[in-house]
Amino acid sequence: MNLATKDIRHNFGRFALTTVGIGMLLMIVMGMGGIYRGLIHEAALFVKQVGADIWVVQGGTRGPFAEVSRIPANLEDRVRAVPGVASARRFVSHTIQRQHRGRPLRMVVQGLSWPEDRGDWVPVTAGRPLRQAHYEMIADGSLGLLLGEKVKLGKDVYEVVGLTKGMVGTGGDGLCFFTTSDAEAIQFDVPGEALRLERAARLSRLEGMDLGRVTPLLSERVIGQASELPALAPPQVSAIMLTLQPGTDIAKVAETISTWPDVTVYSRQQQVDLLLSGMVDKAKRQLGLFRALLIIISAIIMALIIYTLTLDKIHDIAMLKLMGARNGVIIGLILQQALLIGVLGYGLAYWLGTYAFPKFPRLVVIENQDLLSLGVIVLGISVFASLMGIGKAMGVEPNKVLS
Amino acid sequence: MIADANNTPAVEAIGLTKIYGSGNTEVVAMKDVSVTLAHGEVVALLGPSGAGKSTFLTAIGLINPPTAGRITIGGQPVMDADRALVDVRAYRRQHLGFVFQKANLMPFLSAMENVSVAMEINDVAPRDARKRAMELLEYLGVADRADHLPDALSGGQQQRVAVARALANRPSLILADEPTAALDSHRGRQVMELFRKVAHEHGSAVIVVTHDHRSLEVFDRTYEMEDGELRSHPSSP
Ligand SMILES: Nc1ncnc2c1ncn2[C@@H]1O[C@H](COP(=O)(O)OP(=O)(O)OP(=O)(O)O)[C@@H](O)[C@H]1O
Ligand SMILES: [Mg+2]
């Protein structure tokens, strides 16, 4: 006969409630571990999928995944001249939040170097890659956009031609792929009034100069089309991604380019490491702290409930001792109850997780290794939780039956 | 135990003394008590409240060690003053049976399980334990309540289950501290007669602390305790 389960049946409500509570706490612990794994997975996914061998970023910076990086777009042409470089693409990326269908739509605008890059490397789950230079987009499924849906961004309307999965930025917002020129148009969309004001400002500055007064042609040019204004800076991009010819030594090309004083060069692995050590590392510590706290809370709740269950049985434990039961019988009774709460709570956490995790706002990746280590931790806190009760039970004199 | 019933006494206590506390608060609960019980003998222990009856019973029961004196059970020395000469827990589960004023049943076990648990902690196979538990409940007339929790049993039924539990491991010594206090006189007498029957059938020695003078003729001998001292009661043969 198992005394532990008999007693649990007798105190079923209290036991079940505790187990459900522990199960839910453990589910959150499990989910937080999964979110961390998901962060790593998502962060690395883009860098791996885009398939660049070398990243060229603004000199002295750690690149667009760590901070703001701005380099002139024509750097693309400079790096193409380096021996061994097969192709160079612009990396344009920025997060926007616009209104769509009456709700805020937050996305990472990701530029594709049209026409070399049409997003063929993007794993589309529906639809197709880009087929024209403007007004098409591939959206990540997490944004909830439908194939064929039209989205107005700035002055233009873009059509969703493809859907992808698991492509999110470090902030967890879904990626949308556009051509770089569209991406820049979305980012640098300037209202007409701002342009008119800028033209007026330039004209008045020009009129204040001798050169302007004697060269009427100049004044016509400063108020021309925005894209033709000579004083405007050339378009800036965040980084240039290089793909090398097969058999080329990556380190050698990287070394050549890194001698240029205006840029910094990272390999694909360095770029992944930067991602993981920055943003993801902070998230890891934050999630780790929460997990540790929740585990401690679970242990305390378990210890308390095991202790009160033991206190309720103290007279019965004294009677067992009086009848000559070995300490093992009594320790087993308490320990088994703690382990049962732990094991059932863990099972419940796993079961709840299969329903809850897909609904989490961020990707949750549950790895067997994490499940195993959490399992060991749960066994550990179960044993710990029973210690206080066992200590109490061991101290009871069989005499207590008589009082 | 029954085999050597004729030559070895079931219990032999020599010079048992129990002193609680020390200095000003010292209480001598039991003074130089010596007694010998033969196998199959059923004795009653009378005495006013605070006389030291429970102290004596728990000393013999290896629950509450005496300050001085020796205890021998079935020819084996088990206590020398407050020093145990055997593993007292093992000894209790193998050789002793206890019944108290309250039944002290485990509330989460059925009547049958309350009896069989005593055997299971004594390494009896669960199947055999259940079988014997049912036999004992039948013997005590509560077999029909075997599957009920103690809460669903009357006081008398609970006490009979407790008696069944005390008999479960065929103890050589049964110690009962006011077992019938919670029962009506008819039921009380039934329990006393049961002890007598068990003692005579199994050769166990039985000591019953009681206040009930009406059922004294059930016992082979009667002792009386007063101020920690034990002496034979006049009604004793
Ligand atoms: N743990 C203890 N500490 C101090 N004194 C105690 C303790 N247990 C019992 N006594 C004292 O020892 C004496 C004998 O007590 P005991 O319980 O043996 O009496 P009793 O004959 O069983 O009485 P009752 O009929 O009321 O059960 C009493 O004076 C009691 O106060
Ligand atoms: Mg008493």
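### Structural notes on the sheet that holds strand 1 (residues 11-20) of chain B
Residues and elements named next belong to chain B.
Here's step 1: What the 5 strands build is an open sheet, ordered 2-1-4-5-6; its pairing is antiparallel. Looking at strand neighbours, the two that pair on one side only are strand 2 (27-37) and strand 6 (83-84), the edges of this open sheet.
Here's step 2: Relative to strand 5 (residues 76-80), strand 4 (residues 68-73) runs antiparallel, the two sharing 4 bridges. Within strand 5, the position partnered with isoleucine 71 by the bridge is methionine 79.

### Remarks on empty space enclosed by the protein
Here's step 1: Taken as a whole and assessed by the stated rule, the structure comprises 5 cavities of 30 Å³ or more.
Here's step 2: Met323 of chain A together with Leu96, Gly97, Arg165 and Ala166 of chain B are, among the 15 residues lining the largest cavity, the residues nearest its centre.
Here's step 3: Among the secondary structure elements, those contributing two or more residues to the lining of the largest cavity are helix 2 (88-95), strand 7 (96-99) and helix 5 (155-167) of chain B.
Here's step 4: Residue contributions to the lining of the largest cavity peak at 4 residues, all from helix 2 of chain B.
Here's step 5: Residue composition of the lining of the largest cavity, grouped by class: 8 nonpolar, 4 polar and 3 charged.

### Thoughts on a nonpolar patch on the surface
Residue and element names in this part refer to chain A.
Here's step 1: A cluster of nonpolar residues, Leu289, Phe290, Leu293, Ile296, Ile297, Ile300, Ile301, Leu304 and Met388, forms a patch on the protein surface that exposes about 830 Å² of accessible area.
Here's step 2: Among the elements that make up the nonpolar patch, the one with the highest residue count is helix 9 (residues 268-312) (8 residues).
Here's step 3: Within the secondary structure, isoleucine 300 sits in helix 9.
Here's step 4: For isoleucine 300, a relative accessible area of 47% gives the class partly exposed.

### Looking at the sheet that holds strand 9 (residues 205-209) of chain B
All names here are of chain B.
Here's step 1: If you walk across this open sheet you meet the 6 strands as 7-8-9-3-10-11, and the pairing is mixed. Across the chains shown, the open sheet's two edge strands, defined by having one partner strand only, are strand 7 and strand 11 (229-232). For this sheet, the mean inter-axis angle between neighbouring strands, taken without regard to orientation, is 20°.
Here's step 2: Of the strand pairs in this sheet, strand 8 (residues 173-177) and strand 9 are connected by 5 bridges, and their pairing is parallel. Across the sheet, isoleucine 174 pairs through a bridge with valine 206, a residue of strand 9.
Here's step 3: Contacting strand 7 and strand 8, helix 2 crosses the sheet at an angle of about 80° to strand 7.

### Re the site of ligand 1
Residues and elements named next belong to chain B.
Here's step 1: Every one of the 13 residues lining ligand 1 counts as a neighbour, but Ser49, Gly50, Lys53, Ser54 and Thr55 are closest to it.
Here's step 2: Here an oxygen atom of ligand 1 sits 2.6 Å away from a polar atom, N or O, in the side chain of serine 49.
Here's step 3: Taking glycine 50, its main chain carries an N or O atom lying 2.8 Å from an oxygen atom of ligand 1.
Here's step 4: When ligand 1 is considered free in solution it has 630 Å² of accessible area, and contact with the protein chains removes 58% of it.
Here's step 5: When residues of the shell around ligand 1 are traced back to their parent elements, those giving at least two are strand 2 and helix 1 (53-60).
Here's step 6: With 3 residues, the top contributor of residues to the shell around ligand 1 is helix 1.
Here's step 7: By residue class, the composition of the shell around ligand 1 is 5 nonpolar, 6 polar and 2 charged.

### Quick word on the layout of surface pockets
Residue and element names in this part refer to chain A.
Here's step 1: By volume, the second largest pocket amounts to about 530 Å³.
Here's step 2: At the level of secondary structure, the elements contributing two or more residues to the lining of the second largest pocket comprise helix 2 (12-50), strand 3 (85-100), strand 4 (103-112) and helix 9.
Here's step 3: Of the residues belonging to the lining of the second largest pocket, the class tally is 13 nonpolar, 10 polar and 4 charged.

### Quick word on the interface of chain B and chain A
Interfaces are often sized by the amount of accessible area the parts lose when they come together.
Here's step 1: Tallying the contact residues gives 24 residues for chain B and 24 residues for chain A.
Here's step 2: Both faces combined, the contact of chain B with chain A buries some 2300 Å², and carbon together with sulfur accounts for 61% of it.
Here's step 3: Of all residues in chain B, Arg89, Phe108 and Ile121 of chain B bury the most surface against chain A, accounting for 30% of the area lost on that side.
Here's step 4: Here aspartate 123 of chain B ties to arginine 326 of chain A by a salt bridge, and the two come within 2.7 Å at their closest N and O atoms.
Here's step 5: Taken together, chain B and chain A are joined by 11 residue pairs in polar contact (both at pLDDT 80 or more).
Here's step 6: For the side of chain B that touches chain A, the secondary structure elements donating two or more residues are helix 2 and helix 3 (111-120) of chain B.
Here's step 7: Considering each element in turn, the side of chain B that touches chain A owes the most residues, 5 residues, to helix 3 of chain B.
Here's step 8: Of the residues that constitute the side of chain B that touches chain A, the class distribution is 12 nonpolar, 4 polar and 8 charged.

### Some words on the packing of helix 9 of chain A against helix 11 (residues 327-356) of chain A
Residues and elements named next belong to chain A.
Here's step 1: Closest axis-to-axis distance for the helix 9/helix 11 pair is 10 Å, and the angle between their directions is 140°. Classified by chirality, the crossing of helix 11 by helix 9 is right-handed. Of the residues in helix 11, those touching helix 9 at Met302, Ile305, Ile306, Leu309 and Thr310 are Ile334, Gln337, Ala338, Ile341 and Gly342.
Here's step 2: When grouped by side-chain class, the residues that make up the contact of helix 9 with helix 11 number 7 nonpolar, 3 polar and no charged.

### Brief notes about the domain arrangement of chain A
All names here are of chain A.
Here's step 1: According to the domain assignment, chain A contains domain 1 (3-43 + 280-402) and domain 2 (49-279).
Here's step 2: Here the C-alpha centre of domain 2 lies 51 Å away from the C-alpha centre of domain 1.
Here's step 3: On the side of domain 2, 11 residues touch domain 1, which itself brings 8 residues to the contact.
Here's step 4: There are 0 salt bridges connecting domain 1 and domain 2.
Here's step 5: Joining domain 1 to domain 2, the criterion identifies 1 residue pair in polar contact (both at pLDDT 80 or more).
Here's step 6: Within the residue set of the side of domain 1 that touches domain 2, elements represented by two or more residues are helix 2 and helix 9.
Here's step 7: When residues of the side of domain 1 that touches domain 2 are assigned to their parent elements, the largest contribution, 4 residues, is made by helix 9.
Here's step 8: Among the residues forming the side of domain 1 that touches domain 2, the class breakdown is 4 nonpolar, no polar and 4 charged.

### Thoughts on the packing of helix 10 (residues 314-322) of chain A against helix 12 (residues 368-394) of chain A
A pair of packed helices is captured by two measures, namely the crossing angle of their axes and the spacing between those axes.
Residues and elements named next belong to chain A.
Here's step 1: Interhelical geometry of helix 10 versus helix 12 gives an angle of 55° and a closest axis separation of 10 Å. With respect to helix 12, the element helix 10 is oriented oblique. The interaxial crossing formed by helix 10 with helix 12 has right-handed handedness. Judged by residue contacts, Ile314, Ile317 and Lys321 of helix 10 engage Lys392, Ala393 and Met394 from helix 12.
Here's step 2: In terms of residue class, the contact of helix 10 with helix 12 is made up of 4 nonpolar, no polar and 2 charged.

### Comments concerning the packing of aromatic side chains
Where two aromatic rings form a pair, the distance of their centres and the angle of their planes describe that pair.
Residue and element names in this part refer to chain A.
Here's step 1: One pass over the structure, following the stated rule, counts 13 aromatic pairs over all chains.
Here's step 2: Judged by centre distance (6.0 Å) and plane angle (55°), the rings of tyrosine 135 and tyrosine 158 are tilted. One end of the pair, tyrosine 135, is in the loop between strand 5 (124-127) and strand 6 (136-140); the other, tyrosine 158, is in strand 8 (residues 156-164), with 23 residues separating them in the sequence.
Here's step 3: According to the relative accessible area criterion, tyrosine 135 is partly exposed, its value standing at 40%.
Here's step 4: The lysine or arginine in question, arginine 118, covers the ring of tryptophan 114, its NZ or CZ lying 4.5 Å from the ring centre.

What counts, and where the lines are drawn
- Residues numbered from 1 in each chain as written.
- Chains lettered and ligands numbered in written order.
- Predicted model: local features only at pLDDT ≥ 70, side-chain atom pairs only at ≥ 80, totals over all residues.
- Heavy atoms only, no water.
- Pairing = 2+ DSSP bridges.
- Helix = DSSP H or I, 4+ residues; strand = E, 2+ residues; numbered from the N terminus.
- 1 Å grid on protein atoms, 1.4 Å probe; cavity = no way out; pocket = protein on both sides within 12 Å on 5 of 7 lines; lining within 4 Å.
- Points joined across faces, edges and corners; volume = space filled by probe spheres on them.
- Nonpolar A, V, L, I, M, F, W, Y, C, P; charged D, E, K, R; others polar.
- Patch = residues over 30% accessible without salt bridge, like charges linked within 9 Å, V, L, I, M, F, W, Y side chains within 5 Å.
- Areas by Shrake-Rupley, 256 points an atom, 1.4 Å probe, with all protein chains shown as cover.
- Salt bridge = Lys/Arg side-chain N within 4 Å of Asp/Glu carboxyl O.
- Buried < 20%, exposed > 50% of the residue type's maximum accessible area, 1.4 Å probe, protein only.
- Axes fitted to C-alpha atoms, helices over the stretch in contact; angles between N-to-C directions.
- Contact = heavy atoms within 4.5 Å.
- Near = heavy atom within 4 Å.
- Polar contact = N/O pair within 3.5 Å; in protein donor to acceptor, adjacent residues only side chain to side chain.
- Buried area = accessible area lost by both parts, 1.4 Å probe.
- Left-handed = near helix turned anticlockwise from the far one by under 90°.
- Domains from an automatic or database assignment.
- Parallel < 35°, antiparallel > 145°, perpendicular 65-115°, else oblique.
- Phe/Tyr/Trp six-rings, centres within 6.5 Å; stacked < 30°, edge-to-face > 60°.
- Lys NZ or Arg CZ within 6 Å of the ring centre and 35° of its normal.

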